[in-house]
Amino acid sequence: MLKLIWRMFFIFLCGYLFIEWFPITYPFHISDILVGPIIYPLEFFAALFAFFFGLVVSVQQIQEILKLIKKGLKKKRSKL
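Residues numbered from 1 in each chain as written. Predicted model: local features only at pLDDT ≥ 70, side-chain atom pairs only at ≥ 80, totals over all residues. Heavy atoms only, no water.

Draft legend 1. Inspection of the overall build of the protein chain at higher detail. Counting secondary structure elements, the protein chain contains 3 helices and 0 strands. Ordered by position in the sequence, the α and β elements of the protein chain form the string α-α-α. At 19 Å, the protein chain has a C-alpha radius of gyration far larger than the 12 Å of a compact globule built from 80 residues. Over its C-alpha atoms, taken along the principal directions, the protein chain stretches across nearly 60 × 25 × 15 Å. Within the protein chain, buried positions represent 11% of all 80 residues. Taking all contacts inside the protein chain whose residues are at least 6 apart in sequence as the whole, residues at least 24 apart take part in 81%. For the protein chain, the accessible surface area stands at approximately 7100 Å², while carbon and sulfur atoms represent 76% of it. Positive and negative side-chain charges in the protein chain, numbering 10 and 4 respectively, have mean positions lying 34 Å apart. (Helix = DSSP H or I, 4+ residues; strand = E, 2+ residues; numbered from the N terminus. Rg over C-alpha atoms; globule rule 2.2 N^0.38 Å. Buried < 20%, exposed > 50% of the residue type's maximum accessible area, 1.4 Å probe, protein only. Contact = heavy atoms within 4.5 Å. Areas by Shrake-Rupley, 256 points an atom, 1.4 Å probe, with all protein chains shown as cover. Lys, Arg positive; Asp, Glu negative; His and termini not counted. Charge placed at Lys NZ, Arg CZ, Asp CG, Glu CD.)

In structure tokens form, the structure reads like this:
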């Protein structure tokens, strides 16, 4: 259970860092998205890595939750 909580914290942290390092201004202009990585490459790559690692951990979290649900359903069926 502690592993699940740490993963959720890590996903939240990666999402927060992605938002901080890849800001989108309002009103939205496509030129800001295209020129931003050229002007600020360090922030762009940091946001890219934060997004990627957050996505990978999220997929692992979803797979583990689905395994737990499947295991619980099998246990419930065996009791019937």
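Draft legend 2. Quick peek at the packing of aromatic side chains. Per the counting criterion, the structure on display carries 7 aromatic pairs. Here the aromatic cluster, defined as three or more aromatic residues joined through ring pairs, consists of Phe18, Phe22, Phe44, Phe45 and Phe51. (Phe/Tyr/Trp six-rings, centres within 6.5 Å; stacked < 30°, edge-to-face > 60°.)

Draft legend 3. Local environment of the side chain of Arg7. Mapping Arg7 onto the fold places it in helix α1 (residues 2-21). Arg7 gets classed as buried once you look at its relative accessible area, which sits at 15%. Not counting the four nearest positions on each side in its chain, Arg7 is found in contact with Val57, Gln60, Gln61 and Glu64.

Draft legend 4. Examining the environment of Leu34 more closely. In this fold, Leu34 is placed in helix α2 (residues 30-39). On the accessibility criterion, Leu34 (57% relative accessible area) is exposed. Along the backbone, Leu34 and Arg7 are 27 residues apart, and their C-alpha atoms lie at a distance of 32 Å.

Draft legend 5. Main features of the packing of α1 against helix α3 (residues 41-79). Close contact between α1 and α3 brings their axes to 8 Å; oriented N to C, the two are set at 150°. Considering their axes alone, α1 and α3 lie roughly antiparallel with respect to each other. Along this stretch, α1 crosses α3, giving a crossing that reads as left-handed. Counted by class, the contact of α1 with α3 contains 15 nonpolar, 4 polar and 4 charged residues. (Axes fitted to C-alpha atoms, helices over the stretch in contact; angles between N-to-C directions. Parallel < 35°, antiparallel > 145°, perpendicular 65-115°, else oblique. Left-handed = near helix turned anticlockwise from the far one by under 90°. Nonpolar A, V, L, I, M, F, W, Y, C, P; charged D, E, K, R; others polar.)

Draft legend 6. Expanded view of the layout of surface pockets. Estimated volume of the largest pocket: approximately 240 Å³. Residue lining of the largest pocket: 16 residues in total, with Pro23, Asp32, Gly36, Pro37 and Tyr40 positioned closest to the centre. It is α2 that provides the largest number of residues to the lining of the largest pocket, a total of 6 residues. The residue makeup of the lining of the largest pocket, split by class, is 11 nonpolar, 3 polar and 2 charged. (1 Å grid on protein atoms, 1.4 Å probe; cavity = no way out; pocket = protein on both sides within 12 Å on 5 of 7 lines; lining within 4 Å. Points joined across faces, edges and corners; volume = space filled by probe spheres on them.)

Draft legend 7. The arrangement of the side chain of Gln61 in detail. Inspection of the secondary structure puts Gln61 in helix α3. Once residues lying within four places of it in the same chain are set aside, the contact partners of Gln61 are Leu4, Arg7, Met8 and Ile11.

Draft legend 8. Quick peek at α3. The first and last C-alpha atoms of α3 sit 57 Å apart over 39 residues, in line with the 57 Å expected at 1.5 Å per residue. Considered for burial, the residues of α3 that qualify are Ala47, Ala50, Gly54, Val57 and Gln61. Those residues of α3 that are buried lie in contact with α1. (Expected span 1.5 Å × (residues − 1).)

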